[in-house]
Amino acid sequence: QQPEDFLEIEPLTLLIGGDLMKLVDPKRGGNLLEKLTAVRQNVAASRGLLLPKVRVKDQLTLDTTSFRILLNDIQVASGQVYPDLLLAIPFDPTLKLNGIETIEPVRGTPAFWIEPEQSADCIALGCNVVEPTVVIATFYQATVQQYAAELLTYDGVQRLLNYARREHSTTVDTLVPSVVPLPTLHEILRHLLDEGVSIKNLTQILESLGRHIHSERNDDELLARVRVDLSRTLCDQVQNVNQQLNV
């Protein structure tokens, strides 16, 4: 190997303990890679962010049932799953089950690792019962959404622009970079992601920036203008199924 080979940094890495390798291997019934692919699709659909592919590696130094999520080679989250058990999450947090007590990693509520044959009884008691691959994938999705702004690079913005150009070439070519510089667009998109706002409608964001970029003094004021123009998107993200906003 050349010294340059050691300079490579993985945007996203999932390190897994030895017992969890079966969750990755389709020949052993593992569907974790399938679940992680679905996460990329979900994040693209809900947040408008094209995630880099995650690299899954086994780590001998990890506890056999542990996993870690790395962002740019730095650990940002970790957890533990039992590959041969199921996670039962009671609707009633005071409910006690016969199993290994734990905490559901996304919502932080009490949960229990149970044997598969206990599944029907736990569902009857009002529990949500999920497979270990679902636990990892759900936690992974929550983590990448938390760090979405950091995951959006200049290259990532360019990929979004290339996609938008397919249907809206006039908008993209007119505004970027002559009116809206790439660094400004990158900064605004990162701010929106950090606030939990979807950037899926990139064309609308570009048009908003094009209207206001010369009249606002800084990125904060520009961002405020963009938020107003995205009001329908913002309301859609928080309204209930009856299209009502709870205040």
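For the structure, check the block above.
The structure presented is a predicted model; accordingly, all values stated were derived computationally and were not measured.

Engineer: Give me the overall build of the protein: which residues, what numbers.
Structural biologist: A tally of regular secondary structure across the protein gives nine helices and eight strands. C-alpha atoms of the protein, sized along the principal axes, occupy 65 × 60 × 30 Å. Pairs at least 24 residues apart make up 67% of the contacts formed inside the protein by residues separated by at least 6 positions. Counting every atom, the protein has about 14300 Å² of accessible surface; 49% of that belongs to carbon and sulfur. For the protein, the distance from the average site of its 22 positive side-chain charges to the average site of its 32 negative ones is 4 Å.

Engineer: A description of the packing of aromatic side chains should follow, citing residues and the corresponding values.
Structural biologist: This model, assessed by the stated rule, comprises two aromatic pairs. Taking 5.7 Å as the distance between ring centres and 70° as the angle between the ring planes, the aromatic pair formed by Tyr82 and Trp113 counts as edge-to-face. Of this pair, Tyr82 sits in the loop between strand E4 (74–80) and strand E5 (86–90) while Trp113 is found in strand E7 (residues 110–114), placing the two residues 31 residues apart along the sequence.

Engineer: Pulling in residues and values, what's your account of the sheet that holds strand E2 (residues 55–58)?
Structural biologist: Backbone-to-backbone hydrogen bonds pair the strands of a sheet. The strands run either parallel or antiparallel. Spatial strand order, E2-E1-E3-E4: four strands in an open sheet with mixed pairing. Strands with a single pairing partner mark the edges of an open sheet, and in this sheet they are E2 and E4. The sheet shows a mean angle of 20° between the axes of neighbouring strands, taken without regard to direction. Note that strand E1 (residues 12–16) and E2 share four bridges and pair parallel. When the bridges of E2 are listed, Thr13 appears paired with Arg55.

Engineer: Before we move on, could you go through helix H8 (residues 219–229) and cite the residues and values that matter?
Structural biologist: For H8, the full list of buried residues reads Leu222, Leu223 and Val226. Taken around the axis of H8, the buried residues stretch over an arc of 100°, which confines them to a single face. For H8, exposure combined with an orientation more than 90 degrees from the buried face picks out Asp220 and Val228. The opening residue of H8 is Asn218, an N-cap whose side-chain oxygen sits 3.1 Å from the backbone nitrogen of Asp220.

Engineer: Go over the pattern of salt bridges, please, and point to the residues and values.
Structural biologist: Enumeration according to the criterion identifies eight salt bridges in this entry. Residue Glu216 pairs with Arg225 through a salt bridge whose shortest N-O separation is 2.7 Å. Glu216 sits in the buried class, given a relative accessible area of 17%.

Engineer: Pulling in residues and values, what's your account of the environment of Pro116?
Structural biologist: By secondary structure assignment, the location of Pro116 is in the loop between E7 and helix H2 (119–124). Counting along the chain gives 31 residues from Pro116 to Leu85, while the straight-line C-alpha distance between them is 6.1 Å.

Engineer: A description of a negative patch on the surface should follow, citing residues and the corresponding values.
Structural biologist: On the surface, Glu4, Asp5, Glu8 and Asp73 cluster together into a patch of negative charge. Accessibility expressed as a relative area gives 55% for Glu8, which makes it exposed.

Engineer: Give me helix H1 (residues 32–47): which residues, what numbers.
Structural biologist: With 16 residues, H1 should cover 22 Å at 1.5 Å per step; its first-to-last C-alpha distance of 22 Å lies within 8% of that length. Along H1, the residues that are buried comprise Leu32, Leu36, Val39, Val43 and Arg47. Axial view of H1: buried residues confined to an arc of 45°, hence all on one face. Those residues of H1 that are exposed and aimed more than 90 degrees away from the buried face are Glu34 and Gln41.

Engineer: Tell me what's going on with the pairing of strand E3 (residues 66–71), and back it up with residues and numbers.
Structural biologist: With five of six residues buried, E3 is to be regarded as a mostly interior element. Sheet topology note: the E1/E3 ladder contains five bridges and is antiparallel. Bridged to Leu12 within E3 is Leu71. Taken together, the six bridges between E3 and E4 define a ladder with antiparallel strand orientation. In the sheet register, Phe67 faces E4, and the bridge partner there is Gly79. Hairpin connection between E3 and E4: a loop of two residues separates the two successive antiparallel strands, and Asn72 in this loop has a positive phi of roughly 55°.

Cut-offs used in this document
Residues numbered from 1 in each chain as written. Predicted model: local features only at pLDDT ≥ 70, side-chain atom pairs only at ≥ 80, totals over all residues. Heavy atoms only, no water. Helix = DSSP H or I, 4+ residues; strand = E, 2+ residues; numbered from the N terminus. Contact = heavy atoms within 4.5 Å. Areas by Shrake-Rupley, 256 points an atom, 1.4 Å probe, with all protein chains shown as cover. Lys, Arg positive; Asp, Glu negative; His and termini not counted. Charge placed at Lys NZ, Arg CZ, Asp CG, Glu CD. Phe/Tyr/Trp six-rings, centres within 6.5 Å; stacked < 30°, edge-to-face > 60°. Pairing = 2+ DSSP bridges. Axes fitted to C-alpha atoms, helices over the stretch in contact; angles between N-to-C directions. Buried < 20%, exposed > 50% of the residue type's maximum accessible area, 1.4 Å probe, protein only. Arc of directions from axis to C-beta. Polar contact = N/O pair within 3.5 Å; in protein donor to acceptor, adjacent residues only side chain to side chain. Salt bridge = Lys/Arg side-chain N within 4 Å of Asp/Glu carboxyl O. Patch = residues over 30% accessible without salt bridge, like charges linked within 9 Å, V, L, I, M, F, W, Y side chains within 5 Å. Expected span 1.5 Å × (residues − 1).

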